[in-house]
Amino acid sequence: MQKYVLSQNKNSNVEDFQMREQLIATFINRFSTYGYKQVRTSTFEQYDLYSNITGTVNKDEMIKVIDTSGKVLVLRPDVTIPLARMNTATTNQRLFYVLDVFRQSIEQIDQKESTQAGVELFGDRSPEADAEVIVLAIHTLKDLGFKNFKIELGHAGFFKELIQQADLNQTQFETLQTYIHSKNLVEIEPFLKGLGLADDLRNAIQLIPMMYGNPADVINEARKIIRNASMQQVLQNIIDVYDVLEDYGVADSIVLNLGLINNMDYYSGIIFQGFLDSIGKPVLMGGRYDHLGKQFGDATPAIGFAFEVDYLVHALQQQGKAIVEIGPDFIIKYDKTKQKAALQTAYRLRNEGLQVLTYLIEDADTNSAKTAIVNYTEAEQQLITEKESYAFASADDLVSKCLTIKEGK
Ligand SMILES: N[C@@H](Cc1c[nH]c[nH+]1)C(=O)O
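Residues numbered from 1 in each chain as written. Predicted model: local features only at pLDDT ≥ 70, side-chain atom pairs only at ≥ 80, totals over all residues. Heavy atoms only, no water.

Caption draft 1: Representation of the site of the ligand within the structure. Around the ligand there are 14 residues in total, and D78, T80, E120, Y266 and Y267 lie nearest to it. In this structure, an oxygen atom belonging to the ligand sits 2.8 Å away from a side-chain N or O atom of R103. In this structure, a nitrogen atom belonging to the ligand sits 2.8 Å away from a side-chain N or O atom of E120. Surface burial for the ligand is 98%, taken as the share of its 300 Å² of free accessible area covered by protein chains. Going through the elements one at a time, β6 (113-122), β11 (284-288) and β12 (302-308) are the ones with two or more residues in the shell around the ligand. Counting residues per element, the shell around the ligand draws most heavily on β12, which supplies three residues. The residue makeup of the shell around the ligand, split by class, is seven nonpolar, four polar and three charged. (Near = heavy atom within 4 Å. Polar contact = N/O pair within 3.5 Å; in protein donor to acceptor, adjacent residues only side chain to side chain. Areas by Shrake-Rupley, 256 points an atom, 1.4 Å probe, with all protein chains shown as cover. Helix = DSSP H or I, 4+ residues; strand = E, 2+ residues; numbered from the N terminus. Nonpolar A, V, L, I, M, F, W, Y, C, P; charged D, E, K, R; others polar.)

What follows is the structure, given as structure tokens:
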């Protein structure tokens, strides 16, 4: 019989799921320490929300559904856009989410859903805000135990300002963007020659893919191709943000990449991506998007990023990171005569936050090496741990002994 199971049924085994949950607990904890509050957005969105605004997800990549009234909806293809629509306030607002996003690219037809853990900071346009958000990404990667990672820092404006002077049509612009992003030096040269640009402009564009690496060096190189005040401003912005990152003490994790291009087109300022040495794709992506809100009314300055949770789970598994085993704290084995006392004791211990399993003695599985066993029968009232065997006098005595053991662990 055919099994109606999609091949991309991720995290369907207990270990994967536990690891994911532990990751998510780390996100929630770390994001909270920077003052972020958790939110969620609707799974179904109006298709029009995405089709009427610019700089959004590629329409072909969105997964459309039709509701019972015939209206076309999309499954949440992005979280930043709906949050930007909701946040037109000018006061600071720090939000985070752990949500599934749905996109289907031509290259990866099978992959339709992924979980993102992201933050968005609204209402602050300062370089300090940019740096704080980047530091939060770094802090979280460190929490997860990653040591070899890099944040590539760029700016949505640098490339755009330069390209504007070339007066390209949309197709030429996109082709060039792809070449620069993939550092395709072989193709880029003839392509630029074919456009008939002035020599100095062509040389400047050609240098962009090389503007990568040590921040001080890249900044020096970039100075040489600055052609107007806007580009100067963009470079100054990068320097300002980098200065704050140095003050945070995270400069080691930063490389500059002026050829960096993010998936979404809504970015207007600093952009960044995070890479682990073990995974070819970015595990996080983000940046400043000050103009997105304008399309919904007021423009609220904003910056944020999102982790790709599935990539992180994969990376942790590759490193052979085991999940922290959370077994039961106590197993209570009882016989019928002590059923009431045993079950009530289990209830009280669980109420104190302890993990307890109970077995009627005939079913008991005695092979739980590390778990403390409570034999609660007519004949025997013993608590047996790795270190001791304790005869308890009453249920109260047992509860307090269990709590003491748990505290001492
Ligand atoms: N929504 C972006 C990530 C992001 C969050 N905030 C800003 N950017 C993405 O899916 O790539």
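Caption draft 2: The sheet that holds strand β16 (residues 381-384), seen in detail. Across the sheet, which stays open at both edges, the five strands sit in the order β14-β13-β15-β16-β17 with mixed pairing between neighbours. Looking along the sheet, the strands with just one partner apiece sit at the ends: β14 (356-360) and β17 (389-391). Going from strand to strand, the sheet's axes swing by 15 degrees on average, the running direction of each strand aside. Here strand β13 (residues 330-334) pairs with β14 via five bridges, running parallel. Bridge pairing in β14 places I332 opposite T358. Sheet strands in contact with helix α12 (residues 339-351) are β13, β14 and β15 (372-376), and its direction is about 170 degrees off that of β14. (Pairing = 2+ DSSP bridges. Axes fitted to C-alpha atoms, helices over the stretch in contact; angles between N-to-C directions. Contact = heavy atoms within 4.5 Å.)

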